[in-house]
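One letter stands for each residue in the lines below.
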Amino acid sequence: MALDDLCYASATELLAAFRRRELSPVDVLQAQIARREAVNREINALAFTFDEEALLAAKAAERAYAQGRARPLEGITCAIKDETYVRGQVTTNGSLLLRDAVATATDPVPERLLAAGAIIHQRTCTPEFSVAAYTWSRLWGVTRNPWNRAFTPGGSTGGGAAALAAGMATLSNGTDLGGSVRIPASQCGLIGFKASHGRMPEIFPYNMDPYCHHGLMARQVPDLSLAYKCVAGPHAADLSSQLPPDPPAEPLADLQGVVLGYSLDMGFYELAPCVRANTLETLERLAAAGAELVEVEMQLGDWVVEMARTHQGFLMGALLRQAYGSAERGDQLCDYTRWHLAHPGEVTPEQVRWANECANRIWMQLGPVLERVDAFVCPTVASPEIAADFDYSRDRCLINGKPVDANKGWFMTYPFNAVGRCPVLAMPTGLSAEGVPTGMQLVGAPYRDRRLLALAAAVEAALPSWFGAERRPDLP
């Protein structure tokens, strides 16, 4: 297998080759290290690398295959977001304030990835404290989209998405409080999964916020499904993960009999022409493959933006203000972080009540839809062509020449954090005129994660493949 083909091979392909002893995890890791050396200077996706430790783990994986004791993800590389704790690794959250902060424990998801045999070979860049849908910081600089370096790979898991799209990893974790897995997946042509709240265990305080989820990204749905099976389930550290088992779902042979509800703008989003056109073309392909399409009239509005801002302000925003909002610390923060800490500022009980009412308004529209369709479909990002160094604290955002909220108006993910018990999967739909991927979201019924993954695999099989030899980012 050629060097680049090794870098872009799926986890399922690699595991089969490892089991047949036709390929070694060492070969794949060395190929991805060489790929990193060749392309990362163009995109700046990585905060830390662990070549020596990773090579030792790859050699141990090679021995495990030889001895017939390989685990489910044995030898598969996984990039870890520089927000996620792994014992002994510096975890900066993209902030100058934490440049030397060493984790003293490992979060549940990387703990389970490691237990399944995955190799953590790099940590990926994130915006400061993950409070932006783009990825740059004063600490790590600007992370760029591998498909077109003028634009953002999204955020806040932008480094993980850029690394996957550039062939520097096989899997990536992420976190999602308002779209931080799905936005970069859409921007980089990947599969991104926000499971139902609690399905993937988290640590306090994130596990107590129903908007907040751990997530995964991959280049193909089967890879993501495999990783999900390894990390999902109750964990002693997470009360919210103490859920009944995720019911198994049989694979779908095709889309015959599948009913998909859809809305292009959910009642208020301004859509770039490429997003509208690519979403409609994708829906037409799915209909041609046998799916029944039902257009849904959603009546959301600008209140959804303020709902998300209010919710984030009274939970995660309050924690960040308490820890890092002092004047002496504020001088080291990015401009957008200071803006985030100030908006909406201190939140009143009445505002909290109102935000919860807004989340219920979303569910009262979406819930009845999910009772009569297999999944609800809408775009992921309203406009993919957002500059790599965009800053919502200073820059305007225009779509079709119309101003939208610079902080949240250009992506369409956070309504489904408000109804966080619903699993949501993002997948690609096409490219913009500037060559930046566009994407759509599949929203499933609450806690039916495996059912949604099975549907997504059938949807993926009906669409043109991504990351084949003929379609990869144009990198050195």
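Basis of the calculations
Residues numbered from 1 in each chain as written. Predicted model: local features only at pLDDT ≥ 70, side-chain atom pairs only at ≥ 80, totals over all residues. Heavy atoms only, no water. Helix = DSSP H or I, 4+ residues; strand = E, 2+ residues; numbered from the N terminus. Rg over C-alpha atoms; globule rule 2.2 N^0.38 Å. Areas by Shrake-Rupley, 256 points an atom, 1.4 Å probe, with all protein chains shown as cover. Lys, Arg positive; Asp, Glu negative; His and termini not counted. Charge placed at Lys NZ, Arg CZ, Asp CG, Glu CD. Buried < 20%, exposed > 50% of the residue type's maximum accessible area, 1.4 Å probe, protein only. Polar contact = N/O pair within 3.5 Å; in protein donor to acceptor, adjacent residues only side chain to side chain. Contact = heavy atoms within 4.5 Å. Core = buried A, V, L, I, M, F, W, Y, C linked by side-chain atoms within 4.5 Å. Pairing = 2+ DSSP bridges. Axes fitted to C-alpha atoms, helices over the stretch in contact; angles between N-to-C directions.

Engineer: Sorry, what's going on with the overall build of the protein chain here?
Structural biologist: The secondary structure content of the protein chain amounts to 15 helices and 15 strands. For a compact globule of 476 residues, the expected C-alpha radius of gyration is about 23 Å, and the protein chain comes in at 21 Å, within 12% of that figure. In terms of its C-alpha atoms, the protein chain occupies a principal-axis envelope of roughly 60 × 60 × 45 Å. Carbon and sulfur atoms form 51% of the exposed surface of the protein chain, whose accessible area is close to 17400 Å². Looking at the protein chain, you have 42 positive and 53 negative side-chain charges, and the mean spots of the two groups are 3 Å apart.

Engineer: How should I be thinking about the side chain of Ser156 in this particular structure?
Structural biologist: Position of Ser156 among the secondary structure elements: in the loop between β5 (141-142) and α6 (158-165). Overall, the relative accessible area of 0% leaves Ser156 in the buried class. Among the polar contacts listed, one links the side chain of Ser156 to the side chain of Ser180, at a separation of 2.9 Å. Other than its neighbours up to four places away in sequence, Ser156 contacts Lys81, Cys125, Thr126, Pro127, Ser130, Ala132, Thr135 and Ser180.

Engineer: Is there a simple way to explain the nonpolar core in this structure?
Structural biologist: Considering soluble globular proteins, one finds that nonpolar side chains tend to be buried as a cluster. One finds Phe193 and Val459 to be the most contacted residues of the largest nonpolar core, which totals 70 residues. Residues contacting Val459, with those up to four places away along its chain left out, are Leu255, Leu286, Met427, Met440 and Leu442. Counting 63 residues, the second largest nonpolar core, distinct from the first, contains Ile183, Ala355, Cys378 and Val381.

Engineer: So what exactly am I meant to see when it comes to the environment of Gln312 here?
Structural biologist: Inspection of the secondary structure assignment puts Gln312 in helix α10 (residues 303-324). By relative accessible area, which is 9% here, Gln312 ends up buried. Measuring from C-alpha to C-alpha, the distance between Gln312 and His343 comes to 9.5 Å, with 31 residues separating the pair along the chain. Setting aside chain neighbours within four positions, we find Gln312 in contact with Leu177, Gly178, Gly317, Ala318, His340 and Lys408. At 2.9 Å, the side chain of Gln312 and the side chain of Lys408 are in polar contact.

Engineer: Got a minute to help me understand unusual backbone geometry in this structure?
Structural biologist: Only a minority of non-glycine residues have a phi that is not negative, and only a minority of peptide bonds are not trans. Here Gly155 and Ser156 are connected by a cis peptide whose omega angle stands at 10°. The omega torsion of the bond from His343 to Pro344 falls at 10°, within 30 degrees of zero and hence cis. On the secondary structure map, Pro344 appears in the loop between α12 (335-342) and α13 (349-370). The phi angle at Asn93 is positive, at roughly 55°, despite the residue not being glycine. Although it is not a glycine, Phe467 sits at a positive phi angle of roughly 65°. With respect to the helices and strands, Phe467 occurs in the segment after α15 (449-461). Residue class for Phe467 comes out buried when judged on its relative accessible area of 5%.

Engineer: Where do I start with the sheet that holds strand β10 (residues 292-295) in this structure?
Structural biologist: Note: strands within a sheet are paired through backbone hydrogen bonds, in either parallel or antiparallel orientation. The sheet built from eleven strands is open, its strands ordered β1-β3-β2-β6-β8-β7-β14-β15-β11-β9-β10 with mixed pairing. The open sheet is flanked by β1 (46-49) and β10, the only strands paired with a single partner. Each adjacent strand pair in this sheet contributes to an overall mean axis angle of 30°, direction not counted. Relative to strand β3 (residues 119-124), β1 runs antiparallel, the two sharing three bridges. Note on β3: the bridge partner recorded for Thr49 is Gln122.

Function cannot be inferred from these measures alone, as they are strictly geometric.
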